[in-house]
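# Architecture at a glance
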Amino acid sequence: MSSKAWGGRFQQQPEDWVDEFNASIDFDQTLLDEDVQGSIAHATMLANQHIISQDDKDAIINGLKEIQQDFYNGKLDFKKSLEDIHLNIEHELIQRVGDAGGKLHTGRSRNDQVATDLHLYVKKEVQDIQTLIRSFQTSILNLAQSHVDTIMPGYTHLQRAQPISFAHHVMTYFWMLDRDYSRFVDSMKRIDISPLGAAALSGTTHPIDRHETQQLLGFGSVYENSLDAVSDRDYIIETLHNISLTMIHLSRFAEEIIFWSTDEAKFITLSDAFSTGSSIMPQKKNPDMAELIRGKVGRTTGHLMSMLVTLKGLPLAYNKDLQEDKEGLFDSVRTVKGSLRIFEGMLDTMTVNTDRLNKTVHQDFSNATELADYLVAKDVPFRTAHEIVGKIVYECIQQGIYLLDVPLARYQELNTNIDQDVYDYLKPENCLSRRKSYGSTGQDAVRHQLNVAKKVLNNDTL
Ligand code: ARG
């Protein structure tokens, strides 16, 4: 005879090292609150349906609340031989309240129980992630608002391309994160579903009310199919994907922060509070937080791949493979929440080296397209203009000067249409102000963009 919850038909116990391999209690204790919440709803419904007595329900609920309290006071001792959080809690409950505790599992199985816990957990965490994304977007918007007129080189191929507003550059991340936010919002309808009462796979003969537990747990709907209810992990894959993509966006931004903080760029200076030093090189100040965020994309992408492969070819309904859904999920959730918080702190405390940024665009050829456009305005075909400007740029590189340093006489040798007004035309701030097209980097267009972004943040409750 075995001491396990399922021990009736067993003649032999697994040895400790087998229990160890089988157990998930080390990590699924993360689901304790959700497990207690799910059990309270189930017990309440069982009593309302006259499947258990009101007294048994009260005993169960009080016992569960005590267990929860003891867990947070460090007084609960989990056992690997009891496998997981579900059996550990049930065992503890039976110890405390006797037979009433043994009635809790009527009309349910660990299969719908674990699925319920996971739905509750993912729902709560996705809401938290959404809040953190909004907060980070607010920081980006605040930063952008102070830098509409700060000019920096915009890049393609990581080569200087055209002058842009610093605000415009950082707002790109606002919009990326906005898409992430909306992906999480959209996923909610596939997360917010109650599997409880699907039992092991086929439903139950007890007169349970699945809609009651759905309402008690605050779920938007119930699974229509009991097999689907216990086998579905799509919402976990979807969440892992949404987290991975958010992390990929953060890693792109982190890479820019790392580059901007180099001695070569000096576009920003990170706060000491978000940097670290070197154990050997006394002068070093390293952007470790940004590097860690960039590096953590490895694990979030890995967890997504891992869950996709776990689900591939898995027959219906529950299989123990599904126990593998938790560690990666918990880690990805922790990682994205930590990364969003750290990034926000790093952004709020960094210094934008405005003078340095404004100077950089005077020491490059990012206004070359403007010169070509200037010629086009004087009726020179664009291809000819491109050729002329290319030649001037080549000459400047030979002489170590920039387009604003070229004497008017030389310009006029190349094209008689070039006048004194070319110097004003080529100033980086004018390169921006001439850009009036919607969504462009022109100061007015950026100000409009910031207003739209403000509305996006304010419209949340609409
Ligand atoms: N620890 C298990 C898991 O996380 C709970 C469900 C176990 N169900 C079962 N039939 N063995 O997936």
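Just above, that's the structure.
From a predicted model like this one, the values you see are computed outputs, not experimental measurements. (Residues numbered from 1 in each chain as written. Predicted model: local features only at pLDDT ≥ 70, side-chain atom pairs only at ≥ 80, totals over all residues. Heavy atoms only, no water.)

Here we take up helix α12 (residues 288-311). Across its 24 residues, α12 extends 35 Å between first and last C-alpha, which sits within 8% of the 34 Å expected from 1.5 Å per residue. Among the residues of α12, those classed as buried are A290, I293, V297, T300, H303, L304, M307, T310 and L311. Taken together, the buried residues of α12 touch α11 (234-260) and α13 (326-349). G313 sits one or two positions beyond α12 and adopts a positive phi of about 70°. (Helix = DSSP H or I, 4+ residues; strand = E, 2+ residues; numbered from the N terminus. Expected span 1.5 Å × (residues − 1). Buried < 20%, exposed > 50% of the residue type's maximum accessible area, 1.4 Å probe, protein only. Contact = heavy atoms within 4.5 Å.)

Size it by volume and the largest pocket reaches roughly 320 Å³. Lining the largest pocket are 15 residues, with S261, T262, D263, K285 and N286 sitting closest to its centre. In the lining of the largest pocket, the residues fall into four nonpolar, seven polar and four charged. By volume, the second largest pocket amounts to about 270 Å³. Residue lining of the second largest pocket: 13 residues in total, with A161, F365, A368, T369 and H386 positioned closest to the centre. (1 Å grid on protein atoms, 1.4 Å probe; cavity = no way out; pocket = protein on both sides within 12 Å on 5 of 7 lines; lining within 4 Å. Points joined across faces, edges and corners; volume = space filled by probe spheres on them. Nonpolar A, V, L, I, M, F, W, Y, C, P; charged D, E, K, R; others polar.)

Here the focus is the site of the ligand. Around the ligand, the neighbouring residues are S24, D84, H86, R110, N111, V114, Y318, Q323 and K326. Contacts to the ligand include S24, whose side-chain N or O atom sits 3.3 Å from a nitrogen atom. Within the side chain of N111, an N or O atom sits 2.9 Å from a nitrogen atom of the ligand. A total of 340 Å² of accessible area belongs to the ligand in isolation, and the protein chains cover 87% of it. Here the element with the most residues in the shell around the ligand is helix α7 (residues 110-145); it accounts for three residues. (Near = heavy atom within 4 Å. Polar contact = N/O pair within 3.5 Å; in protein donor to acceptor, adjacent residues only side chain to side chain. Areas by Shrake-Rupley, 256 points an atom, 1.4 Å probe, with all protein chains shown as cover.)

Another point: unusual backbone geometry. Peptide bonds are mostly trans, and most non-glycine residues show a negative phi. That bond from L316 to A317 is cis: its omega, -5°, falls within 30 degrees of zero. Examined against the element boundaries, A317 turns out to sit in the loop between α12 and α13. The backbone of A199 sits at a positive phi, close to 55°, despite the residue not being glycine. In this fold, A199 is placed in the loop between β3 (193-194) and α9 (210-216). Here A199 falls in the buried class, since its relative accessible area comes to 7%. One non-glycine residue, D379, adopts positive backbone phi at about 75°. Mapped onto the fold, D379 is located in the loop between α15 (368-377) and α16 (382-399).

Bringing the nonpolar core into the picture now. Formed by 74 residues in total, the largest nonpolar core has its most connected members in I140, F253, I257 and F343. Of all the elements in the fold, those that place two or more residues in this core are α7, α8 (166-191), α10 (226-231), α11, α12, α13 and α20 (443-458). Take this core: its biggest share by element is 13 residues, from α7. If we ignore the near neighbours within four places in the chain, the residues touching I257 are I268, L270, A290, F343, M346, L347 and M350. Membership of the second largest hydrophobic core comes to 22 residues, among which are L32, L64, I67 and I208. (Core = buried A, V, L, I, M, F, W, Y, C linked by side-chain atoms within 4.5 Å.)

This next bit is on the packing of α7 against α8. The geometry of α7 relative to α8 is characterised by a closest axis approach of 9 Å and an angle of 165° between their N-to-C directions. Put simply, α7 runs roughly antiparallel to α8. Where α7 crosses over α8, the two elements pack in a sense that is left-handed. (Axes fitted to C-alpha atoms, helices over the stretch in contact; angles between N-to-C directions. Parallel < 35°, antiparallel > 145°, perpendicular 65-115°, else oblique. Left-handed = near helix turned anticlockwise from the far one by under 90°.)

This part is about the packing of aromatic side chains. Applying the stated criterion to the full structure yields 15 aromatic pairs. Centre to centre, the rings of F259 and F267 are 6.2 Å apart; their planes meet at 75°, and the pair counts as edge-to-face. Exposure remark for F259: the relative accessible area of 24% places this residue in the partly exposed category. On the basis of relative accessibility, which here comes to 1%, the residue F267 falls in the buried class. Among the aromatic residues, ring-to-ring pairing joins F136, Y173, F253 and F343 into one connected group. Taking the ring centre of F10 as reference, the NZ or CZ of R9 above it sits at 5.6 Å. (Phe/Tyr/Trp six-rings, centres within 6.5 Å; stacked < 30°, edge-to-face > 60°. Lys NZ or Arg CZ within 6 Å of the ring centre and 35° of its normal.)

All right, on to the side chain of E34 then. Positionally, E34 belongs in helix α3 (residues 32-48). On the accessibility criterion, E34 (4% relative accessible area) is buried. Ignoring any residue separated from it by four or fewer positions in sequence, one finds E34 in contact with D117, L120, Y121 and K124.

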